[in-house]
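# Notes for the structure review
For reference, the chains in residue letters:
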Amino acid sequence: MRNFEYHEPETLGEACLLLKGYGAAARVFAGGTHLTVLMKQGLVRPGALINLKKIPGLKGIVWHPGKGLTIGTLVTHHELETSSLVQRVWPFLSRVAREVGNIRVRTMGTVGGNLASGEPLTDLPCALLSLGSVVSVMGPSGGRSIALEDFFVDYYETVLAEDEILTEVVVPPLPPRTGFEYIRFTAGSVMDRPSVGVSARLSLEPQGLACREVRVSLGCVSSTPMRARDAERALEGQDWGPDALEDAAASAARECSPLDDLRGSARYKREMVRVLVRDALSMAHERANTGGKEP
Amino acid sequence: MKHSVTLRVNGREHRLELEARTTLLEVVREYLGLTGAKAGCDLQVCGACTVLLNGKPASACSALAVDADGAEVLTIEGLGDGAALHPLQEAFMECGALQCGYCTPGFILAAKFLLEVCPHPTEEEMRRYLGGNLCRCGCYMEIREAVKKAAGL
Amino acid sequence: MERLDYRAKVRGTAVYVADMQMPGLCHGKILRSSIPHGRVTRVDATGALGVRGVIAALTRDDLMTDRGIDPFYGPVFKDQSIVAVDKVRHVGDPVAAVAALDLDAAEEALERIVVEYEELPAAFDVGDALEPGAPLVHEKVRRSPGGFADLAGVDPIEGTNICTHYKLRYGDVEQGFRESERIFEATYALPTTQHAALEAHGCIAAVEAGGRIVVWSATQNPFVVRTQLANIFKVPVSRVRVAAPYLGGGYGSKVYPKLEPLAVALALKARRPVRILLTRDEVFLTITKHAATIRVKTGVKNDGTLVARQCEMLLDTGAYAEIGPRVAMKSGMTAAGPYRIPHVKVDALAVYTNKPPAGAFRGFGVSQSAWAIESQMDEIARALGIDPLEMRLKNAYEEGSEFVTGERLTSIGLKSCLERAAAAIGWADRAPQATAGGKRRGKGIACLIKGTITPSVSAAALRLSEDGSITLFTGTVEMGQGSETLLASIAATELGIPLERVHVVAGDTDVVPYDLTTSSSRSTFHMGKAVQLAARDLCRQLGNIVAEEYGVPAAEVRFSQGKVRFAETTLEYHEVLFKRYGMPGGTIIGQGEVRTQTLVAPGKKMASVFWFVGAGAVEVEVNPDTGQLKIVNYAAAVDVGKAINPQGCRQQLTGAAITGMGQALYEELAFDDGRPVNANLIDYILPSLGDMPGAMEAITVEVPHGQGPFGAKGIGETALIPVAPAIANAVQDAVGVRIKELPLTAEKVFFALQRARKKA
């Protein structure tokens, strides 16, 4: 790696000002698990790294029944996985976190870094998308909230401006009778990056078969993690049933735009989206139906 | 430009003047002469460079030393007690869990962390905690045995 | 028995070449071609020398003007050069190099070297390369006088990209096809893959004041490297020292010169020791495993008897021959599989392309041919309605069978391997069965025969010191296979002393007697035997000393339990020495040598001094919805002759099988117009602990070989070879589709199933 200037600001304000000062030449540094790969491959050559880890208030995991789960941007995947709070209120999220990368990526890599990277072949963004997550962002002139579905722009690109920092992710509370499933599909080795990611969140009406709210999100098969809105519409407001399910699955396969690459052809990935959306929705429905407090 | 970095490596404090881009792997290998951690892939995949950073496995090839200022670093050389070996080191030897030995320091440190978090690991836990250490000689079956043995299973 | 290298390895104190330090050591980096094929019109390194910290730069100018250097080398043909002289022939081909005080300076210096190319059309694969009028990778191939005995007469075909065309003719295949009741034809393919040893290649070279060349290298072949360096730098072999420390894996990637000639040339120019350590992506550009396309035509009787087999193997040998010619020859020889077939015709071609060179890879071409043959065996068995195991047993080589070279095979436990591997996975209970969740299970089996490099030489020496301890000198390189301990244990056993009293000095050409190579699964047999013979020679010498010193007939001197006995007297070894030398001092050296020949008796040839046979059996579970497959159970059975170290055998069997799984399911080095696409471990996928089945069985069959130490043969490669075809056969058993191209991905299975459903 080329050398770079290195700063450890102690407040968000300081960090944003530094970023603003450097313009495109500086990069935010958290776990470094994504950034160092880009730097070693020569894809980015930052003149400066702004390490966020001295800034207090970015590592909390807080649950509030009204607000939901708030995850600080510097929480690592491993911390998310092993948090007793998360395991108690939303164990499904812990299950997603423990599949990311490998143990070293999980102990160093952060939730915020993962989201801000815009990395297509990863897990958390897809899962969080189906949960209706909202991210908080801080810039030199103040903060803003952005729905995760509006956060990603393109491969490796988010709406974050050069001088903005993602500070937390909020996952709103889920209605009763909600089920969730995330499926991480790898082409070959289980340790490989995913080639398809599917997340389904299904909330049933308080009584009966009807699906009140359906979220289907897809990872790795478009330029960004995406909501499969046609798939959602195929089920939302409908009674749960095999035809609606097949409809949703087929819609999702049509809506995405996967690429041909070493991990599979576009055609195969679409087929897998169909299979996995069907499987994920079925599992989410089963969990919603068991009526348990947690999906 | 150099930064002052203090690292507590295997229980000993070291104060170094380093460029920001210096990785932990460069520090332990080039500056401290601890060559047990190896360069394998440079991209956090193979685990040959694994060290325990504040007790947790980290890819030393990609961890910045400046970022680890004030941290505790454990390398394979810090395991065991003089001539006495750590139970994992004994178990790896007894079970034949190594051949060329290049992945071994990283694997043993990763296994140490696994057993601290999961004292009686399931197959699933072993997969999740050790799946990120590659062994091209193919000692995975023996490694699983060694970890179970060290865990008293 | 604790392995001698284990303590250091678990403590992280074992020294590999990247860990070595030396006074004055500087860093070398290589400038590599960014194009697959082109004439080098200009190389100007003056800019590099202006970078602070740069000590020297090496270009073709240095090589072509220095009469003391012959820059061309290669184990078979001298088609490689230290750096590009007239052309670059693959992406990554070295063009220049620099030595500097630190890596930064070296990297900056590389950027200042000006290279201009006249890009040429390239042959990206074998198809391109064999087209009439194809661009020639080598206009003319330089030959190597006095090379390997087994490759004498192997020639490239001038004016083409055919590096080697090996032909085997046994019987008359056309006659055989006429006599056949059914004929089957199919084509199978494998991509380029890579060894991916966790330790990348590395080398330290120094030239001493008197011109002596000293090299520390991660090499499996110190002696061959020494010979090549002596030829390149035009010095006597005795003025070259090549020493190999522990290797972090080899698997064939570290045989024959790689970095050493360049490192020495750079050290000469820099007048300082130079260390070159490759980065991971550079390893992919340095050596690969041959991609292959294999066409098989087999004629059979309806009862499954094999009558005739014709194979055409096209091996993509990349830009330089390396050991490709031998790969073509050796794999060609066993290409028809381990079966008694009256009529066999094989054409095995190693073809030049503009890609990184392919060379030795664990299995040496046989994993390629076995992929084809063992896949087709199952296709034939199914078409005839015969159990695939039965069909193999029916045709398998047995003790005394005639091989395609006309020689008789001995020490062949093939059927035993097949039966035991099959039994281990419950072959008799085979029936495609649906399991919960709609997944399907199936079982498959495959087997192989492979030879070992013959002729060859291994020599060992045992030095007895004044306290009775032993130093074992061997050229065998410890690369994880446990040779250090195995050889020491043979010495200890023969001499009746504890293992701790044996110290091994390995892989240093200055010190140890000649050994051809650590490869070809040959060291237990050749070097192990040489150690045995050295021990016996040592005892013979001790016996003579006792006879002289005590006036006893030599025939009455006996050795047992580490002591020398005659009449009523028992002596320790050190007492014998003391008696001879009158003080604690003196040296006795026992020597042993194993030399194998291809010509055993007039008119009687032997292509291999011993043969490896083995089988692999697998149960897989296929998810028909996705095509994904999981290995439920795997059994590797190898005829090892004698399992001297059972734990070591098990390691080699399961270890090789795991690499075989990676090769079967995940691994492919992809190229885009000659440029490697995934030359890194994120995108080149190796098998992980997470991919392992619950259990793997390692079965050692022991059919002793008369000439091996305690009857032992070789172990290292066999278990890798049957994995891919066994898996493909199991997939067909499970879901009825046949995949003919590796890697055997879920996608391939998925679409094969889709096509099969459409047909139905």
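Residues numbered from 1 in each chain as written. Chains lettered and ligands numbered in written order. Predicted model: local features only at pLDDT ≥ 70, side-chain atom pairs only at ≥ 80, totals over all residues.

### Structural notes on the overall build of chain B
Across its full length, chain B holds five helices and five strands. Mapped from its N terminus to its C terminus, chain B presents α and β elements in the order β-β-α-β-β-β-α-α-α-α. Taking 15 Å as the expected radius of gyration for a compact globule of 153 residues, we find that chain B reaches 15 Å, a close match to that expectation. C-alpha atoms of chain B, sized along the principal axes, occupy 50 × 30 × 25 Å. Expressed as a percentage of its 153 residues, the buried residues of chain B come to 63%. (Helix = DSSP H or I, 4+ residues; strand = E, 2+ residues; numbered from the N terminus. Rg over C-alpha atoms; globule rule 2.2 N^0.38 Å. Buried ≥ 20, exposed ≤ 12 C-beta atoms within 10 Å, placed from the backbone.)

### Structural notes on the interface of chain A and chain C
Taken together, the 13 residues of chain A in the interface contact 17 residues of chain C. Partitioning the side of chain A that touches chain C into residue classes produces seven nonpolar, four polar and two charged. (Contact = placed C-beta atoms within 7 Å. Nonpolar A, V, L, I, M, F, W, Y, C, P; charged D, E, K, R; others polar.)

### Brief notes about the interface of chain C and chain B
Listed by partner, the interface residues are 39 residues for chain C and 40 residues for chain B. Broken down by secondary-structure element, the contributors of at least two residues to the side of chain C that touches chain B are helix 1 (6–11) and helix 17 (646–665) of chain C. Residues that form the side of chain C that touches chain B fall into these classes: 18 nonpolar, 14 polar and seven charged.

### Some details on the pairing of strand 21 (residues 440–451) of chain C
Residue and element names in this part refer to chain C. Buried residues dominate strand 21, accounting for 11 of its 12 residues. Taken together, the 12 bridges between strand 21 and strand 31 (residues 611–622) define a ladder with antiparallel strand orientation. The residue of strand 31 that forms the bridge with G451 is W611. (Pairing = 2+ DSSP bridges.)

### As for the domain arrangement of chain C
All names here are of chain C. The domains assigned to chain C are domain 1 (26–120 + 201–277), domain 2 (288–453 + 605–759) and domain 3 (456–596). Here the C-alpha centre of domain 2 lies 37 Å away from the C-alpha centre of domain 1. Looking at the side of domain 1 that touches domain 2, its residues break down into eight nonpolar, six polar and three charged. (Domains from an automatic or database assignment.)

### As for the domain arrangement of chain B
Residue and element names in this part refer to chain B. The assigned domain composition of chain B is domain 1 (3–78) and domain 2 (87–150). A C-alpha centroid distance of 21 Å is found between domain 1 and domain 2. Tallying the contact residues gives 14 residues for domain 1 and 12 residues for domain 2. Listing elements by their share of the side of domain 1 that touches domain 2, those giving two or more residues are strand 3 (50–53) and strand 4 (56–59). A total of three residues in the side of domain 1 that touches domain 2 trace back to one element, the largest contributor, which is strand 3.

### Regarding the nonpolar core
Of all hydrophobic cores here, the largest spans 417 residues; its most connected members are V277 of chain A together with A421, A491 and V731 of chain C. Non-local contacts of V277 of chain A, meaning those with residues more than four positions away in its chain, are made with V198, A200, V216, A228, A231, A248, A249 and A252 of chain A. (Core = buried A, V, L, I, M, F, W, Y, C linked by C-beta atoms within 7 Å.)

### Digging into helix 1 (residues 24–31) of chain B
Residues and elements named next belong to chain B. If you check which residues of helix 1 are buried, you get L24, L25, V27, V28 and R29. Where the residues of helix 1 are buried, they touch strand 1 (3–9), strand 2 (12–18), strand 3 and strand 5 (72–74). A positive backbone phi angle near 65° is found at G33, which sits one or two residues after helix 1.

### Structural notes on the environment of S331 of chain C
Residues and elements named next belong to chain C. Within the secondary structure, S331 sits in helix 10 (residues 324–333). Taking the C-alpha atoms as reference points, S331 and L314, separated by 17 residues in sequence, lie 11 Å from one another. What S331 contacts, discounting residues up to four positions off in sequence, is M313, A348, F364, G365, V366, Q368 and S369.

### Some remarks on the sheet that holds strand 8 (residues 114–119) of chain C
All names here are of chain C. Here three strands make up an open sheet; going across it, the order is 6-2-8 and the pairing antiparallel. The open sheet has two edge strands with one neighbour each: strand 6 (87–88) and strand 8. Where strand 2 (residues 38–44) meets strand 8, six bridges bridge the pair, whose relative direction is antiparallel. For V43, the partnering residue across the bridge sits in strand 8 and is V115.

### Some words on the sheet that holds strand 1 (residues 5–7) of chain A
All names here are of chain A. Pairing within the open sheet is parallel, and its three strands lie in the order 1-3-2. Strands at the two margins of the open sheet, each flanked by one partner only, are strand 1 and strand 2 (26–29). Here the strands of the sheet are splayed against their neighbours by 20° on average, with no regard to which way each runs. Here strand 1 runs beside strand 3 (residues 48–51); their pairing, made up of three bridges, is parallel. Bridge pairing links H7 to I50 in strand 3. Against the sheet, helix 1 (residues 12–22) makes contact with strand 1, strand 2 and strand 3, and its axis sits at roughly 165° relative to strand 3, the strand it touches most. (Axes fitted to C-alpha atoms, helices over the stretch in contact; angles between N-to-C directions.)

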